[in-house]
Amino acid sequence: MFPSTTYRDRRQALASHVKRGLVLFLGNEYSPMNYAGNPYRFRQDSNFLYFFGLDQAGLAGVLDVESGESTLFGDDVSVDHIVWMGPQPSMRSLADRVGAAQLRGRAALADVLAEAQAAGRPIHFPPPYRHLTQLRLAEYLQCDVTTVLDTASTELIQAIVRLRAYKSEEEIVEMEKALATTAEMHRIAMRMATPGLTEAQLVGAVHGVARSAGGDLAYQAILTVNGQTLHNHHHHNTLRSGQLILGDYGAESTGGYAGDITRTFPVDRQFTAQQKEIYQIVLDAEMAVIEALRPGVPYRDLHLLAGRVIVAGLSALGLMKGDVDAAVAAGAQALFFPHGLGHMIGLDVHDMEDLGEDWVGYDGEIQRSEQFGLRSLRLGRRLETGFVLTVEPGIYFIPELIDQWRAKGHCAEFVHYEALEAYRNFGGIRIEDDCLITDRGYRVLGPAIPKTIAEVEAVRNAVDH
Ligand SMILES: [Mn+2]
């Protein structure tokens, strides 16, 4: 946790961006996995964590933006609970740790909200993403559960983005911790992998590193020999010589901040010649984007820059053709790079995605495209000092997508479809780092993780398989 002043200052800043009424943050509760007593790992709501700091279930926070007063709602545990859960800090001490002057029992929340409603005061809350939160809000605000999502406060959403988009020094320290663990997770997979092991064995080791550091995975790990399937959470395959392993995973620090790194490496000690050629293009794209990071640059333009590097590289290999700019304008690179270049990261791996992607990644100036590929870009707006974002270009050979485009003759002037036959079983490559935008440009966060072909092969060769 940060000092209590951090949370007090954040709430004060929030109050200055919201005109009237109360702001309600419902903390998360345990979520049942297969029966109530066997819940998923507890994860606190990120907005609650940001403004009220406490990482435990059953709490709520209310900020009165007019008086500036903060109230924490929660109950001290009884001896019955202590028998099962051990002694817990008092609610008063928890309220003090986050600088909340007022403390009320949880049951008082309904009355406080009803009173405010009766007085005609607006009650702002962020959009609920858990059904239980949705039910609670409907109950507290006496509205229909099916419409409660629509009444989430746009004013609050914008106010939260204005604060959480800019990472403070103490947040960067926390993100560096997450990335130190994440780097170790990638190194262990690169050292362990060998033909005959399973993806699941690697995932177990990777997860173990995250747990050993006191945190956990920031999101479900992607660790697969089928990197061309973008959100591949299956880990059933056995590693075979000649394959590539794509690993996209990161640690969540004990303070709740996420790391999100991708590396791709061969099951063998070396890349094949074909793998090297594609890998180098992805690396060139990633490095070109990183070197172009600075305040004022629209991230959409950097997505298109990555597209140009990819088209130029694939053209040199005889897989694409024609004018590079025209190909990118037509979205031809999306056949190989169908996702976005990156996203903001912080307390959430896709930071603040619960508030709505477009509120976070777009603004009045830059709006989301509807073109295949570009439409998946979560962050398009101009970069500003203090943003932390991922840079994650990739090249994938997705047989079903290639067949579909080829059958339609889509972008036929830019794609050498017949040349793609030799790549049908290639898989996919992605390389991803997390970067802070600084006044002068950028800083790649976290320790270096083998990334160039020479660095990756050096790690693979150093292992005694
Ligand atoms: Mn990512």
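Bear in mind that the values here come from a model prediction, so they are computed numbers and not experimental data.

The rules behind the values
- Residues numbered from 1 in each chain as written.
- Predicted model: local features only at pLDDT ≥ 70, side-chain atom pairs only at ≥ 80, totals over all residues.
- Helix = DSSP H or I, 4+ residues; strand = E, 2+ residues; numbered from the N terminus.
- Buried ≥ 20, exposed ≤ 12 C-beta atoms within 10 Å, placed from the backbone.
- Contact = placed C-beta atoms within 7 Å.
- Pairing = 2+ DSSP bridges.
- Axes fitted to C-alpha atoms, helices over the stretch in contact; angles between N-to-C directions.
- Core = buried A, V, L, I, M, F, W, Y, C linked by C-beta atoms within 7 Å.
- Domains from an automatic or database assignment.
- Nonpolar A, V, L, I, M, F, W, Y, C, P; charged D, E, K, R; others polar.

**Focus: unusual backbone geometry**
Part 1 of the reasoning: Backbone geometry at M352 places phi at a positive 65°, although glycine is not the residue there.
Part 2 of the reasoning: Residue placement: M352 occurs in the loop between α12 (324-329) and α13 (357-361).
Part 3 of the reasoning: Positioned with a positive phi, C411 is a non-glycine residue whose angle comes to about 55°.
Part 4 of the reasoning: In this fold, C411 is placed in the loop between α14 (399-408) and β13 (428-430).
Part 5 of the reasoning: Residue classification places C411 among the partly exposed residues on the basis of 19 C-beta atoms within 10 Å.

**Section: the environment of L113**
Part 1 of the reasoning: The residue L113 is located in helix α5 (residues 108-118) in this model.
Part 2 of the reasoning: Each C-alpha atom of the pair L113 and L22 lies 8.5 Å from the other, and the pair is 91 residues apart in sequence.
Part 3 of the reasoning: Ignoring any residue separated from it by four or fewer positions in sequence, one finds L113 in contact with L24, I123, Y140 and L141.

**Quick look at the sheet that holds strand β2 (residues 60-64)**
Part 1 of the reasoning: Across the sheet, five strands lie side by side as β4-β3-β2-β1-β5; this open sheet has mixed pairing. Among the strands making up the open sheet, the edge pair consists of β4 (102-104) and β5 (123-124).
Part 2 of the reasoning: The pairing of strand β1 (residues 22-26) with β2 spans five bridges and is antiparallel. When the sheet's bridge partners are listed, V23 is paired in β2 with L63.

**Regarding the sheet that holds strand β11 (residues 388-391)**
Part 1 of the reasoning: As summarised here, the arrangement of the three strands in space is β11-β14-β15, forming an open sheet in which the pairing is antiparallel. Both edges of this open sheet fall to β11 and β15 (442-444), since each of them pairs with a single strand only. Pairs of neighbouring strands in the sheet enclose a mean axial angle of 35°, with direction left out of account.
Part 2 of the reasoning: The pairing of β11 with strand β14 (residues 433-437) spans four bridges and is classified as antiparallel. Note that in β14 the partner of V391 across the bridge is D433.
Part 3 of the reasoning: Packed onto the sheet, helix α10 (residues 273-292) meets β11, β14 and β15 and runs at close to 155° relative to β11.

**Looking at the nonpolar core**
Part 1 of the reasoning: In this structure, V23, V206 and I310 are the most contacted members of the largest nonpolar core, which totals 125 residues.
Part 2 of the reasoning: Split by domain, the residues of this core number at least three in each of domain 1 (4-164) and domain 2 (169-462).

**Some points on the domain arrangement of the chain**
Part 1 of the reasoning: By the assigned domains, the chain splits into domain 1 (4-164) and domain 2 (169-462).
Part 2 of the reasoning: Computed over C-alpha atoms, the centres of domain 1 and domain 2 are 35 Å apart.
Part 3 of the reasoning: Between domain 1 and domain 2, the contact holds 15 residues from the first and 13 residues from the second.
Part 4 of the reasoning: The set of elements that each furnish at least two residues to the side of domain 1 that touches domain 2 consists of α2 (46-52) and α7 (154-164).
Part 5 of the reasoning: Among the elements that make up the side of domain 1 that touches domain 2, the one with the highest residue count is α7 (five residues).
Part 6 of the reasoning: In terms of residue class, the side of domain 1 that touches domain 2 is made up of eight nonpolar, four polar and three charged.

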